[in-house]
Every structure is written in C-alpha cells, then in structure tokens.
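Here is what each chain is made of, one letter per residue.
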Amino acid sequence: QVQLVESGGGLVQAGDSLRLSCAASGRTFSRSAMAWFRQAPGKEREFVGVVSYLSTSYADSVKGRFTLSRDNAKNTMYLQMNSLKPEDTAVYYCAADRDPYRYTILSTAYEYWGQGTQVTVSS
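Residues numbered from 1 in each chain as written. Predicted model: local features only at pLDDT ≥ 70, side-chain atom pairs only at ≥ 80, totals over all residues. Heavy atoms only, no water.

(A) Inspection of the overall build of the protein at higher detail. Secondary structure summary: the protein contains zero helices and eleven strands in total. Moving toward the C terminus, one meets the helices and strands of the protein in the order β-β-β-β-β-β-β-β-β-β-β. In summary, the protein has a C-alpha radius of gyration of 13 Å against a globular reference of 14 Å for 123 residues, a match within 12%. Dimensions of the protein, computed from the C-alpha atoms along their principal axes, are close to 40 × 25 × 25 Å. (Helix = DSSP H or I, 4+ residues; strand = E, 2+ residues; numbered from the N terminus. Rg over C-alpha atoms; globule rule 2.2 N^0.38 Å.)

The structure is reproduced here in structure tokens:
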C-alpha cells in the first residue's frame, strides 16, 4: 500500500514562489514515475510534470518556471514553483505509478494519489 501526502500550498501573489512536497509511505520504487497534476474549479485535471529516475518532463504552461525533484532518501517529491501566475491557481495533486518502467503524462495511468494541496495565486 502506498500513501501520498501533499503539503506546502497556500495563498500567494503573482510572481511569488512556493515549494510543494509530496511525502510517500509504503512500498515505492525509485525508478517508478511520480507526477504532479492540478485541477482548477470547473476544469479537467491537468498534467503539470513527471519525474522518473531517468528524465523529467513538464507541461508547456509551467516549463521554465516549475522544477520537479525527488529525494529518495526521504521518500519525498518536490515541486518548486516560481513566477507564479493567477492561472496556476488549483488544487495540486501528486501521483505515483505502480509500473516502474512506465513514463507517462496520462492521469489515468497513475494508481496512487494524494489528497491535494490548494495553491491560490492572486492577481
């Protein structure tokens, strides 16, 4: 059983920075992909970024502003968000893939999800 818990969200102004954390417990694999998704009110869940042991990919909307990283010793994934924009406002979810060889941006591929943390960026 894998459990994911997000933290670090909050209310900030445009241009500010936040760092989100996703702490994992249970059995995880260092080569399994972990990803961030977000969902704004009235919107579909949107891919943000994914990191595996080998590569990192980002959505075009956050590329150059957001950075994903993993600390396997702490079993934690981070999302550093800089130059935040009002359109970044959403609930941010971390997710983990149970397949250690898969690398995908599709939310349906991820088995484990956290409860989400709210990020609100004012104009």
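There's more to say after this.
(B) Unusual backbone geometry, seen in detail. At Asn-75, a position not held by glycine, the phi torsion is positive, near 55°. Looking at the element boundaries, Asn-75 is found in the loop between strand 7 (66-71) and strand 8 (76-81). Positive phi is not limited to glycine here, since Ser-83 has a value of about 50°. Within the secondary structure, Ser-83 sits in the loop between strand 8 and strand 9 (90-96). On the basis of relative accessible area, Ser-83 is assigned to the partly exposed category, the value being 42%. (Buried < 20%, exposed > 50% of the residue type's maximum accessible area, 1.4 Å probe, protein only.)

(C) Layout of the sheet that holds strand 7. Taken together, the four strands give an open sheet; going across it, the order is 1-3-8-7, and neighbouring strands pair in antiparallel fashion. Two strands bound the open sheet, and with one partner strand each, they are strand 1 (2-7) and strand 7. Mean inter-strand twist for the sheet, computed between neighbouring axes without regard to direction, equals 15°. Note that strand 1 and strand 3 (residues 18-26) share six bridges and pair antiparallel. Paired with Leu-4 across the strands is Ala-24, a residue of strand 3. (Pairing = 2+ DSSP bridges. Axes fitted to C-alpha atoms, helices over the stretch in contact; angles between N-to-C directions.)

(D) Representation of the pairing of strand 7 within the structure. In this structure, strand 7 lies alongside strand 8, joined through six bridges in antiparallel fashion. What sits directly across from Phe-66, in strand 8, is Met-81. Between strand 7 and strand 8, which follow one another and run antiparallel, lie four residues, and Asn-75 among them has a positive phi close to 55°.

(E) Structural context of the state of the cysteines. Applying the stated criterion to the full structure yields one disulfide. Disulfide partner of Cys-22: Cys-94, at an S-S distance of 2.1 Å. Of note, the bridge from Cys-22 to Cys-94 carries an S-S torsion of about 60° and is right-handed in sense. Taken as a pair, Cys-22 in strand 3 and Cys-94 in strand 9 lie far apart in primary sequence, 72 residues in all. Of the two residues, Cys-22 and Cys-94, both sit in the buried class. (Disulfide = S-S within 2.5 Å.)

(F) Geometry of the nonpolar core. Of all hydrophobic cores here, the largest spans 33 residues; its most connected members are Leu-4, Trp-36, Phe-66, Leu-79, Met-81, Tyr-92 and Tyr-110. Of all the elements in the fold, those that place two or more residues in this core are strand 1, strand 3, strand 4 (34-39), strand 5 (46-51), strand 7, strand 8, strand 9 and strand 11 (117-122). Among the elements that line this core, the one with the most residues is strand 9, at five residues. Apart from residues no more than four positions distant in its own chain, Phe-66 is found in contact with Arg-38, Val-48, Tyr-58, Leu-79, Gln-80, Met-81, Asn-82, Leu-84, Asp-88 and Tyr-92. (Core = buried A, V, L, I, M, F, W, Y, C linked by side-chain atoms within 4.5 Å. Contact = heavy atoms within 4.5 Å.)

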